[in-house]
Amino acid sequence: MSVWKEGPVSAAPSPATVPDGRMAAVRRLQSTALGSESLQRLTGIAMRLLRADATVVCLVGDVTTVAAATGMPAGTLGGRCR
């Protein structure tokens, strides 16, 4: 018998019902995350570990923006994720 008492699992709320706190956090991060050396290192490490051709970190807000990328064409950084 498990000693953990877990509540019911539910789906993530739709973006339309998410409080403004998440969007405010995204707006704050946009100025520092874009091109961040730490995020660039993260994408480089992920690419090597996953043996992927490319890796991308995106900020998801009003629009989804590429904050860091490794192995992607020039001009990808700051663009929109699909």
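Structure first, text after, so check above.
Analysis parameters
- Along every chain, residues carry numbers that run from 1 in the direction the sequence is written.
- Local features in a predicted model are, by the rule used here, given only for residues with pLDDT of at least 70; side-chain atom pairs are given and counted only at 80 or more, and totals for whole chains, interfaces and linings are based on all residues.
- With hydrogens and water stripped out, all remaining heavy atoms of the structure feed into the side-chain values.
- Under the scheme used here, helices are H or I runs from DSSP no shorter than 4 residues and strands are E runs no shorter than 2 residues, and both carry numbers assigned from the N terminus.
- Any pair of residues with heavy atoms lying within 4.5 Å of one another is described as a contacting pair.
- All accessible areas in this document rest on Shrake-Rupley with a 1.4 Å probe, and a residue is counted as covered only by the protein chains that are shown.
- In the sections that follow, a salt bridge refers to a side-chain nitrogen of Lys or Arg positioned within 4 Å of a carboxyl oxygen of Asp or Glu.
- For patches, a residue must show more than 30% relative accessible area and have no salt bridge; joins then use 9 Å for like charges and 5 Å for nonpolar side chains, namely Val, Leu, Ile, Met, Phe, Trp and Tyr.
- Type-normalised accessible area, obtained with a 1.4 Å probe on protein chains alone, sets the label of each residue: buried when under 20%, exposed when over 50%, and partly exposed for intermediate values.
- Multiplying one less than the number of residues by 1.5 Å gives the expected span of a helix.
- Working definition: the arc comes from the directions between the helix axis and the C-beta atoms, pointing outward to the latter.
- DSSP calls a pair of strands paired once it identifies at least 2 bridges connecting them.

Draft legend 1. Summary view of the overall build of the protein. Scanning the protein from terminus to terminus reveals two helices and two strands. Secondary structure elements of the protein, listed N to C terminal, follow the sequence α-α-β-β. A fraction of 37% describes how many contacts in the protein between residues 6 or more apart in sequence connect residues 24 or more apart. Element-wise, carbon and sulfur atoms account for 59% of the exposed surface of the protein, whose accessible area totals about 6,500 Å².

Draft legend 2. Examining the pattern of salt bridges more closely. The full count for this structure, using the stated rule, is one salt bridge. The partner of D62 in a salt bridge is R27, with the nearest N and O atoms 3.8 Å apart. On the criterion of sequence distance, the pair formed by D62 in the loop between β1 (55-60) and β2 (64-70) and R27 in helix α1 (residues 20-33) is long-range, its members being 35 residues apart.

Draft legend 3. A look at a nonpolar patch on the surface. A surface patch of nonpolar side chains, amounting to about 340 Å² of accessible area, comprises I45, L49 and L50. Within the secondary structure layout, L49 lies in helix α2 (residues 37-50). A relative accessible area of 67% means that L49 is categorised as exposed.

Draft legend 4. Spotlight on α1. For α1, which comprises 14 residues, the first-to-last C-alpha distance of 19 Å matches the rise-based estimate of 20 Å (1.5 Å per residue) to within 8%. Within the sequence span of α1, burial applies to M23, V26 and A33. Within α1, the buried residues cover an arc of 100° as seen down the axis, which keeps them to one side. Turned more than 90 degrees away from the buried face of α1, the exposed residues are D20, R28, S31 and T32.

Draft legend 5. Highlighting the pairing of β2. Counting buried positions over the seven residues of β2 gives six, a clear majority of the element. As paired elements, β1 and β2 share six bridges and run antiparallel to each other. The residue of β2 that forms the bridge with L59 is T65. Joining the antiparallel neighbours β1 and β2 is a turn of three residues.

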